[in-house]
Amino acid sequence: MKYTKQCPKCGSYDILYAKGSAESYGAGSNIMCGLTTYSAVDVDRYICCNCGYVEHFVRTGDIERLRKSKKIKQVE
Ligand SMILES: [Zn+2]
């Protein structure tokens, strides 16, 4: 949805964008990779208004911070 502007599940183009924020702690719009909100990585969401499907994206610039976190593991 981020790139196509279309829902991959139902084909709708009625998509909302919710910018991730470290302030909204606990609301699912960030990933904690340390103990404080300063170490949170924002998660942007794209929501289909037709079927309710949601996609999540972290910003590619934050990937290294996630890699270095002891709380997050590589899938093997
Ligand atoms: Zn949809």
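Residues numbered from 1 in each chain as written. Predicted model: local features only at pLDDT ≥ 70, side-chain atom pairs only at ≥ 80, totals over all residues. Heavy atoms only, no water.

Caption draft 1: Broad picture of the side chain of Asp 44. Note on placement: Asp 44 falls in strand 3 (residues 40-48). On the basis of relative accessible area, Asp 44 is assigned to the buried category, the value being 7%. A polar side-chain atom of Asp 44 sits 2.7 Å from the main-chain amide nitrogen of Gly 20. At 2.6 Å, the side chain of Asp 44 and the side chain of Arg 59 are in polar contact. Sequence-distant contacts of Asp 44, that is, excluding residues within four places in its chain, are made with Tyr 17, Ala 18, Lys 19, Gly 20, Glu 55, His 56, Phe 57 and Arg 59. (Helix = DSSP H or I, 4+ residues; strand = E, 2+ residues; numbered from the N terminus. Buried < 20%, exposed > 50% of the residue type's maximum accessible area, 1.4 Å probe, protein only. Polar contact = N/O pair within 3.5 Å; in protein donor to acceptor, adjacent residues only side chain to side chain. Contact = heavy atoms within 4.5 Å.)

Caption draft 2: Molecular detail of the coordination of the zinc ion. Within the first shell, the zinc ion binds the protein through Cys 7 (SG), Cys 10 (SG), Cys 48 (SG) and Cys 51 (SG), at distances of 2.3 Å. Read N to C, the donor residues that coordinate the zinc ion are spaced as C-x2-C-x37-C-x2-C. Residue Cys 7 is located in the segment before strand 1 (15-18), and its partner Cys 48 is located in strand 3; the two are separated by 41 residues in the primary sequence. The buried category is assigned to Cys 48, whose relative accessible area is 2%. (Donors = N, O, S within 2.8 Å, 3.2 Å for Na, K, Ca; no water.)

Caption draft 3: Structural context of the environment of Ser 39. Topologically, Ser 39 is positioned in the loop between strand 2 (30-32) and strand 3. For Ser 39, a relative accessible area of 17% gives the class buried. For Ser 39 and Leu 66, which are 27 residues apart along the polypeptide, the C-alpha to C-alpha distance reads 9.4 Å. In this structure Ser 39 touches Ile 31, Met 32, Cys 33, Gly 34 and Arg 65, once residues within four positions along its chain are discounted.

Caption draft 4: The side chain of Glu 55, seen in detail. Within the secondary structure, Glu 55 sits in strand 4 (residues 54-58). From its side chain, Glu 55 meets the backbone nitrogen of Met 1 in a polar contact 2.8 Å long. Setting aside chain neighbours within four positions, we find Glu 55 in contact with Met 1, Lys 2, Pro 8, Asp 44, Arg 45 and Tyr 46.

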